[in-house]
Amino acid sequence: MKKIIPVCCFFLACAILLPCCAHSCDGENGYYQYDYYGVMNSDAVLKIYAERGDEEEENRFKELARKVGEMLAGVEKSLSAENPDSFISRFNAASDGTETEIDYNAYKALSVAKEIYNLTGGAYNPAVYYSVKAYGFNGGEPPKSAAELPADEDIFTYVELSKAFGGVTLREEEKEGVKRYYAAKPVNTAAESGELALKIDLGGIGKGYAADLADGLIGEYGFSYGYFSFGSSSIAFKKYPDESSCYNLRISNPRLDGKSPQSCLTATVKDESVSTSGDNVNYFLLDSDGDGISERFCHIIDPFTGKPVQNGVISVTVTGGAAAENDALSTALMVMGKDGALKFINEKLGGRRVVMLCEEESGLSLYTTMALSEFTLDDPRYAVHCIAGGGDVA
Amino acid sequence: MSLEKVRQVRSGRFFRPADLIIYGIIAAAAIALFILFFAIKKDGGLEGVRIFVRDEVVFEYSFESDEYKVFSSCAEVVNGEKLTVNITTEEGGNLVEIDRAARSVRVVSADCRSRDCVYSPPLTGADGFICCMPHHMRILPFGYKDDGKTVII
């Protein structure tokens, strides 16, 4: 009977130690410092884990937060298609066949855009400026009736114009130790469209590009734990304060019915960037064909049709690689549709984790390159399909 | 303890029938406590919300008591089938809708450019929040705790 004493001690020790472990993970020795930003018509948060009572570290965080603010303002000034003084606006305003001097941010973002445009066969194309504007997604008013939707002949013109993005060329030169960057429009982009000329909108990768820069700044200032989230669509993660653990990344549920959970899936992440695109953000509902059923018009424009994506893919999340690339890739996968996206993921995205949510005739589906053990399904309405590689879907 | 006694203990079996009964009782107690814990634990539904403007609570509503409190003139309430709260800040306004039947809270309109808060999923539990950065307005559920570990994209 005396052996009962060690057994009781064991249970007692567990009861005492387990809450202690949980408490230490909760941040007894450190805490998160925040800073919020409102730029590019969206919000961003910088969240860095710091040692409690370390004044030098607190000051370093303040300096980092200030730098991130400056960086975001700089990116907006470079990439905004709505700001007439931005470098992208200067490029948009230039005539066919002319070269425009741009800054480093615009050059790098355009380089990523060109790279993903080529990789995806044009499924990611930032030259959908006119369609974005026609559907009211650049801050304008969306159409309120079918009659207000853009006419098919206008959309056809926009599609033809967007094809010219493949002909945009970039170059850099160094004179007397100063680097200069240039972007040139191809000739005759406006030949078929009368007054209109090629214009681009880098909204599809702007947040991801800024998240990459913030990630670099966090490292430069010597912080290893925390993350930078931009508009909840691009996040650059550092390590989790307890290095044996990870952040829990919950992917928003794009089809809520009042009872369903806010997220459809939870996976662990650390030291990587994540970007997502979905038709549940910035959209309007409209009965365009008079059948009494409203269709969803989202801000993601299919460059091949010039119209909002309506192909059954409702959200795509990509992790691994740079956030700007992930941002563009998630947009491209939305455009490709389920079958095209699965083929592309198998052939070209071997090193990245992808979660694709679809609305199919059979119901909601979730396709992922992750193994079942790598995530938990939060919303059981989604039928899970693991992309097994080699074009297979298990 | 004599050496004889030590030898007796060492030679004895670890589990005697009486020991097993005690272990069984402890295991049963542990299982009972586990079940009890989950039985009395709330189902995670939304109990209520607080609306903050620039870190100041301006409005509070409890689904449990169906009572609300207004702490600032920037929150105006219309009490109908659904409770609507008109938040007016220096930067602009948001219309928040509290659906008693669905036990959910969402932002139905905002006069900012991004309208991210309008597109945010409705709050249905204590594990999320809605934020309108341009207006510095946040809606947090009762019991919301930022564990610093969970991030929603």
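Because the structure is predicted, anything quoted here is derived from the model rather than measured.

What counts, and at which threshold
Within every chain, residues take consecutive numbers counted from 1 along the sequence as written. To read the labels, note that chains go from A and ligands from 1, taken in the order they are written. Residues qualify for local features only when their pLDDT is at least 70, as the model is predicted, and side-chain atom pairs are given and counted only at 80 or more; totals for whole chains, interfaces and linings, by contrast, use all residues. Hydrogens and waters are ignored; side-chain quantities use all the structure's heavy atoms. Only DSSP runs of H or I reaching four residues or more are called helices, and only runs of E reaching two or more are called strands; each is numbered from the N terminus. A simple rule labels every residue: compare its accessible area, found with a 1.4 Å probe on the protein chains alone, to the largest value its type can have, and call it buried under 20%, exposed over 50%, or partly exposed in between. Whether two residues touch is decided by their heavy atoms; if any such pair falls within 4.5 Å, the residues are in contact. Only the protein chains shown count as cover for residues, and all accessible areas are computed by the Shrake-Rupley method using a 1.4 Å probe. Paired strands, in this sense, are two strands between which DSSP finds at least two bridges. For helices, the fitted line uses only the C-alpha atoms of the stretch in contact; every axis is such a line through C-alpha atoms, and the angle between N-to-C directions lies from 0 to 180 degrees. Note on terminology: angles under 35 degrees are roughly parallel, angles over 145 are roughly antiparallel, angles of 65 to 115 are roughly perpendicular, and the others are oblique. Helix crossings are classified by the rotation of the near helix relative to the far one: an anticlockwise turn of less than a right angle makes the crossing left-handed, while a clockwise turn makes it right-handed. Just so you know the grouping, Ala, Val, Leu, Ile, Met, Phe, Trp, Tyr, Cys and Pro go in nonpolar, Asp, Glu, Lys and Arg go in charged, and all remaining residues, Gly too, go in polar. Patch definition: residues above 30% relative accessible area lacking any salt bridge, with like charges linked at up to 9 Å and the nonpolar side chains Val, Leu, Ile, Met, Phe, Trp and Tyr linked at up to 5 Å. The rule for a salt bridge is simple: a side-chain nitrogen of Lys or Arg has to be within 4 Å of a carboxyl oxygen of Asp or Glu. Two rings from Phe, Tyr or Trp (for Trp, the six-membered ring) form a pair when their centres are within 6.5 Å of each other. A pair whose planes differ by under 30 degrees is stacked, one over 60 is edge-to-face, and the rest are tilted. Throughout this description, the term charge over a ring refers to an Arg CZ or Lys NZ atom that lies within 6 Å of the ring centre and within 35 degrees of the ring normal. As used in this record, nonpolar core signifies buried Ala, Val, Leu, Ile, Met, Phe, Trp, Tyr and Cys residues forming a set joined through side-chain atoms within 4.5 Å. To estimate the expected span of a helix, subtract one from its residue number and multiply by 1.5 Å.

Thoughts on the overall build of chain B
Next up, step 1: Counting its secondary structure elements, chain B contains 3 helices and 10 strands.
Next up, step 2: Taking all 153 residues of chain B together, 37% fall into the buried category.
Next up, step 3: Taking the contacts inside chain B whose residues are at least 6 apart along the sequence as the reference set, 36% of them involve residues at least 24 apart.
Next up, step 4: Carbon together with sulfur atoms contributes 57% to the accessible area of chain B, which is approximately 9,100 Å² in total.

Re the overall build of chain A
Next up, step 1: Scanning chain A from N- to C-terminus turns up 8 helices and 20 strands.
Next up, step 2: Per-residue burial over chain A gives 51% buried out of 394 residues.
Next up, step 3: Contacts in chain A between residues at least 24 apart in sequence constitute 61% of all its contacts with a sequence separation of at least 6.
Next up, step 4: For chain A, the exposed surface amounts to about 17,700 Å²; the carbon and sulfur share of it is 52%.

Observations regarding the sheet that holds strand β3 (residues 99–102) of chain A
Residue and element names in this part refer to chain A.
Next up, step 1: Across the sheet, which stays open at both edges, the 3 strands sit in the order β3-β5-β4 with antiparallel pairing between neighbours. What marks the edges here is a single partner per strand, and that holds for β3 and β4 (169–175). Looking at each pair of strands side by side, their axes are set apart by 30° on average, direction ignored.
Next up, step 2: Along the sheet face, helix α4 (residues 104–119) touches β3, β4 and β5 (178–184) and points at about 145° away from the line of β4.

Section: the packing of helix α7 (residues 203–220) of chain A against helix α8 (residues 323–348) of chain A
Residues and elements named next belong to chain A.
Next up, step 1: Between α7 and α8, the shortest axis-to-axis distance is 6 Å and the interhelical angle comes to 155°. The orientation of α7 with respect to α8, classified from their angle, is roughly antiparallel. Here α7 runs over α8; the crossing is right-handed. Residues Gly-204, Ile-205, Gly-206, Lys-207, Gly-208, Tyr-209, Ala-211 and Asp-212 of α7 form the contact with α8, whose participating residues are Ala-323, Ala-324, Asp-327, Ala-328 and Thr-331.
Next up, step 2: Tallied by class, residues from the contact of α7 with α8 come to 6 nonpolar, 4 polar and 3 charged.

Things to note about the side chain of Glu-97 of chain B
Next up, step 1: By secondary structure assignment, the location of Glu-97 of chain B is in strand β6 (residues 93–99).
Next up, step 2: Take Glu-97 of chain B: its relative accessible area is 14%, and that puts it in the buried class.

Digging into a nonpolar patch on the surface
Next up, step 1: A cluster of nonpolar residues, Ile-31, Phe-34 and Ile-35 of chain B, forms a patch on the protein surface that exposes about 330 Å² of accessible area.
Next up, step 2: Within the fold, Ile-31 of chain B resides in helix α2 (residues 17–40).

Re the packing of aromatic side chains
Any aromatic ring pair is given by two values, namely how distant the centres are and how the planes are angled relative to each other.
Next up, step 1: Taken as a whole and assessed by the stated rule, the structure comprises 16 aromatic pairs over all chains.
Next up, step 2: Taken together, a centroid distance of 6.1 Å and an interplanar angle of 75° make the contact between Phe-228 of chain A and Phe-230 of chain A edge-to-face. Comparing Phe-228 of chain A with Phe-230 of chain A, the two get one shared label, buried.
Next up, step 3: Their ring planes at 25° and their centres at 5.9 Å tell us that Phe-59 of chain B and Tyr-68 of chain B sit as a pair that is stacked.
Next up, step 4: Taken together, the ring pairs connect Tyr-135, Phe-137, Phe-284 and Phe-297 of chain A into an aromatic cluster.
Next up, step 5: When the ring centre of Tyr-283 of chain A is taken as origin, the NZ or CZ atom of Arg-296 of chain A, which lies over that ring, is 4.3 Å away.
Next up, step 6: The ring of Phe-52 of chain B carries the charged tip of Arg-138 of chain B above its face, separated from the ring centre by 5.1 Å.

Observations regarding the sheet that holds strand β8 (residues 130–132) of chain B
Residue and element names in this part refer to chain B.
Next up, step 1: Read across the sheet, 5 strands follow the order β3-β2-β1-β9-β8 without closing on themselves; strand pairing throughout is antiparallel. The open sheet has two edge strands, β3 (67–70) and β8, and neither has a second partner. For this sheet, the mean inter-axis angle between neighbouring strands, taken without regard to orientation, is 15°.
Next up, step 2: Here strand β1 (residues 48–53) pairs with strand β9 (residues 137–141) via 5 bridges, running antiparallel. From the neighbouring strand, Ile-51 faces β9, where its bridge partner is Ile-139.

Some points on the nonpolar core
Next up, step 1: Within the largest apolar cluster, 72 residues are counted, with the highest numbers of intra-cluster contacts made by Leu-46, Leu-64, Val-68, Leu-72, Leu-202, Phe-228 and Leu-333 of chain A.
Next up, step 2: With 12 residues, the top contributor of residues to this core is α8 of chain A.
Next up, step 3: Residue contacts for Leu-64 of chain A: discarding those within four places in its chain leaves Leu-46, Ile-48, Leu-217, Ile-218, Tyr-221 and Phe-223 of chain A.
Next up, step 4: Core analysis: the second largest hydrophobic core is formed by 25 residues, Cys-117, Ile-130, Cys-132 and Ile-139 of chain B among them.

Structural notes on α7 of chain A
Residue and element names in this part refer to chain A.
Next up, step 1: If you check α7, its first and last C-alpha atoms are 26 Å apart, about what 18 residues at 1.5 Å a residue would give, namely 26 Å.
Next up, step 2: Turning to α7, its buried residues number three or more, namely Ile-205, Gly-206, Gly-208, Tyr-209, Ala-210, Ala-211, Ala-214, Asp-215, Leu-217 and Ile-218.
Next up, step 3: Against β2 (42–51), α2 (55–79), α4, β6 (226–230), β7 (234–237) and α8 lie the buried residues of α7.
Next up, step 4: Backbone geometry just after α7 places Gly-222 at a positive phi near 80°.

Some remarks on the environment of Arg-54 of chain B
Residue and element names in this part refer to chain B.
Next up, step 1: You can see Arg-54 is positioned in the loop between β1 and β2 (56–62).
Next up, step 2: A residue is classified by how much of its surface remains accessible, and Arg-54, at 47% relative accessible area, is partly exposed.
Next up, step 3: Between the C-alpha atom of Arg-54 and that of Thr-89, which follows or precedes it by 35 residues, the distance is 9.4 Å.
Next up, step 4: Residues within four places of Arg-54 in sequence aside, it is in contact with Glu-91 and His-136.

Things to note about the packing of α4 of chain A against α8 of chain A
Any two packed helices are characterised by the angle at which their axes cross and by the distance between the axes.
All names here are of chain A.
Next up, step 1: The interhelical angle for the contact between α4 and α8, taken along N-to-C directions, is 5°, at an axis separation of 10 Å. Taken together, the axes of α4 and α8 lie roughly parallel to each other. Here Val-112, Glu-115, Ile-116 and Leu-119 of α4 lie close against α8, whose contacting residues are Ala-324, Glu-325, Ala-328, Leu-329, Phe-344 and Lys-348.

Describing the pattern of salt bridges
Residues and elements named next belong to chain A.
Next up, step 1: Enumeration according to the criterion identifies 27 salt bridges over all chains in this entry.
Next up, step 2: Taking the shortest distance from any N to any O, the salt bridge between Lys-238 and Asp-215 comes out at 3.2 Å. In this pair, Lys-238 sits in the loop between β7 and β8 (247–252) while Asp-215 sits in helix α7, placing the two residues 23 residues apart along the sequence.
Next up, step 3: Residue Lys-238 is classed as buried on the basis of its relative accessible area of 13%.

A few points about unusual backbone geometry
All names here are of chain A.
Next up, step 1: A positive phi angle, near 50°, is found at Glu-176, a position not held by glycine.
Next up, step 2: Secondary-structure assignment places Glu-176 in the loop between β4 and β5.
Next up, step 3: A relative accessible area of 83% places Glu-176 in the exposed class.
Next up, step 4: Phi at Asp-271 is positive, roughly 55°, even though this residue is not glycine.
Next up, step 5: Of note, Asp-271 is situated in the loop between β9 (263–269) and β10 (273–278).

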